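Working through the structure, step by step
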Amino acid sequence: MNIVVCIKQIIDPETPMSQFRIDPRTKRQVQGNNPLVISPYDANALEVAIKLKEQQGAKVTVISVGGATTIAALKGALSMGADEAILVNDPLLAGSDQQGIAYALAKTIQRAGAYDLILTGCESGDWADRAVPGFLVEELGIGYVGYVTRIEVRDEQVVVRRVVEDGYELIEAKTPFLAAISSDETNTARYAKLRDIMAAAKKMIPVWKAADLGLDLERIGADAARVAITDVYIPVKESRCEMIEGNTPEEKAANLAAKLRELKLI
């Protein structure tokens with residue numbers, strides 16, 4: 001089984017609010033001294049892939065579209081147990097929207113070779129738009145199951161466990177298909193061992209350009225984007241305290257209820 005995992009490197013979502021800054025020009029979060037990590041649900045997807053590798057002898061290839069710093073995330077994936085990694089890094093991709101990124105990922109996957117299963121996170125840890133997996137399967141013309149937490153191979157059948165509102169579903173899926181992974185207790189990303197980190201650090205990761213993939217330049221970049229970000233801001237939270245007066249507990253309770261009705265809260 002050949003498994004492809006698509007990951008994204010983002011600023012750590014656990015960054016304290018006091019260190020959160022937005023660049024007013026680019027409408028993007030400013031990294032500053034904040035660490036970069038693999039998007040959490042993508043890390044869950046990677047864990048699912050590695051477990052399948054351990055159980056079935058699968059080959060795991062990790063792909064990311066990003067800048068030079070993304071090499072660190074890809075080497076992190078290798079240290080966790082992935083076999084190969086590919087970075088797509090080209091200034092021509094700057095400003096691409098979700099469709100442009102999905103198009104670049106699809107071309108990368110096709111060039112990388114045969115695949116049975118593609119795993120992504122169910123959403124990114126920064127924008128949480130949930131759009132790339134859907135656009136990616138449209139580009140590849142394959143099946144799609146979202147909010148998957150577990151994947152098993154049973155008698156050559158692939159069975160996925162999908163979270164629904166009142167529990168979960170078990171779905172048999174024909175390969176190739178894409179599963180967008182959500183988190184549960186079975187797919188928490190493992191910590192890499194020191195020897196694996198050191199081995200991954202020595203590996204060379206190929207960097208592919210738009211020309212290598214034969215990308216249509218009219219489908220990537222800011223000019224091709226169909227979604228425009230008009231503003232991003234940090235909400236300002238305001239609070240005030242108002243004391244409820246009254247001579248007795250009953251009177252205070254009545255005054256509180258009256259105030260809540262005035263504010264249309266009850």
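The structure this text deals with has already been given above.
Since the model is a prediction, treat every value here as computed from it, not as a measurement.

Quick notes on the pairing of strand E11 (residues 167-173)
Across 7 bridges, strand E10 (residues 157-164) lies against E11 in antiparallel orientation. Each bridged residue has a counterpart across the sheet, and for Arg-162 the counterpart in E11 is Glu-169. Connecting E10 to the next strand, E11, in antiparallel fashion are 2 residues.

Topic: the state of the cysteines
A complete count under the given rule lists 0 disulfides for this structure. Here Cys-6 is not cross-linked by a disulfide; its sulfur's nearest cysteine counterpart is in Cys-122, at 14 Å. Its relative accessible area of 6% is what places Cys-122 among the buried residues.

Remarks on the environment of Phe-20
By the secondary structure assignment, Phe-20 is in the loop between strand E2 (9-11) and strand E3 (22-23). Here Phe-20 falls in the partly exposed class, since its relative accessible area comes to 23%. Each C-alpha atom, one on Phe-20 and one on Gln-31, is 8.4 Å from the other, the two residues being 11 residues apart in sequence. Sequence-distant contacts of Phe-20, defined by excluding residues within four places in its chain, comprise Gln-29 and Ile-234.

Notes on the pattern of salt bridges
A pair can form between side chains of opposite charge whenever their charged atoms are brought close. Tallied over the full model, the rule gives 16 salt bridges. The residue Glu-242 makes a salt bridge to Arg-240 at a minimum N-O spacing of 3.7 Å. You can call Glu-242 partly exposed: its relative accessible area is 41%. You can call Arg-240 exposed: its relative accessible area is 71%.

Section: helix H7 (residues 249-262)
With 14 residues, H7 extends 20 Å from end C-alpha to end C-alpha; this agrees with the ideal 20 Å at 1.5 Å per step. Downstream of H7 by one or two residues, Lys-264 has phi in the positive range, about 60°.

Observations concerning the packing of helix H2 (residues 70-80) against helix H5 (residues 194-201)
Following both chains from N to C, one finds H2 and H5 inclined at 135°, their axes separated by 8 Å at the closest point. Taken together, the axes of H2 and H5 are oblique relative to one another. The element H2 and its partner H5 pack so that their crossing is right-handed. Along the contact surface, H2 presents Lys-75, Leu-78 and Ser-79, while H5 presents Asp-196, Ile-197, Ala-200 and Ala-201. For the contact of H2 with H5, the residue count by class is 4 nonpolar, 1 polar and 2 charged.

Observations regarding H2
Buried residues of H2: Thr-70, Ala-73, Leu-74, Ala-77, Leu-78, Ser-79 and Met-80, and no others. Those residues of H2 hidden inside the fold are in contact with E2, strand E5 (36-38), helix H1 (40-56), strand E6 (59-65), strand E7 (84-88) and H5. Taken from the residues just after H2, Gly-81 is the one with a positive phi, measuring 140°.

Describing unusual backbone geometry
Cis geometry is found at the peptide bond from Thr-175 to Pro-176, where omega equals -5°. As for its position among the elements, Pro-176 is in the loop between E11 and strand E12 (177-181). One non-glycine residue, Lys-27, adopts positive backbone phi at about 60°. Positionally, Lys-27 belongs in the loop between E3 and strand E4 (28-29). Unusually for a residue other than glycine, Ala-128 sits at a positive phi of about 55°.

Re the nonpolar core
Val-5, Leu-46, Val-62, Leu-119 and Ile-151 are the most contacted members of the largest nonpolar core, which has 35 residues in total. When residues in this core are grouped by element, the largest group, 7 residues, is from H1. Beyond its immediate sequence surroundings of up to four residues, Val-62 is in contact with Val-5, Ile-7, Leu-46, Leu-74, Ala-77, Ala-82, Glu-84, Ala-85 and Ile-86.

Looking at the sheet that holds E7
Strands sit in the order E11-E10-E9-E12-E8-E1-E6-E7-E13 across an open sheet of 9 strands; the sheet is mixed. Edge positions in the sheet fall to E11 and strand E13 (207-208), since each has one partner strand and no second. This element, H1, spans strand E1 (2-6), E6, strand E8 (117-121), strand E9 (143-154) and E12 of the sheet and lies at about 150° to E8. Across the sheet, helix H4 (residues 132-140) is in contact with E1, E8, E9 and E12; its angle to E8 comes to roughly 160°.

Cut-off values and rules
Residues numbered from 1 in each chain as written. Predicted model: local features only at pLDDT ≥ 70, side-chain atom pairs only at ≥ 80, totals over all residues. Heavy atoms only, no water. Pairing = 2+ DSSP bridges. Helix = DSSP H or I, 4+ residues; strand = E, 2+ residues; numbered from the N terminus. Disulfide = S-S within 2.5 Å. Buried < 20%, exposed > 50% of the residue type's maximum accessible area, 1.4 Å probe, protein only. Contact = heavy atoms within 4.5 Å. Salt bridge = Lys/Arg side-chain N within 4 Å of Asp/Glu carboxyl O. Expected span 1.5 Å × (residues − 1). Axes fitted to C-alpha atoms, helices over the stretch in contact; angles between N-to-C directions. Parallel < 35°, antiparallel > 145°, perpendicular 65-115°, else oblique. Left-handed = near helix turned anticlockwise from the far one by under 90°. Nonpolar A, V, L, I, M, F, W, Y, C, P; charged D, E, K, R; others polar. Core = buried A, V, L, I, M, F, W, Y, C linked by side-chain atoms within 4.5 Å.

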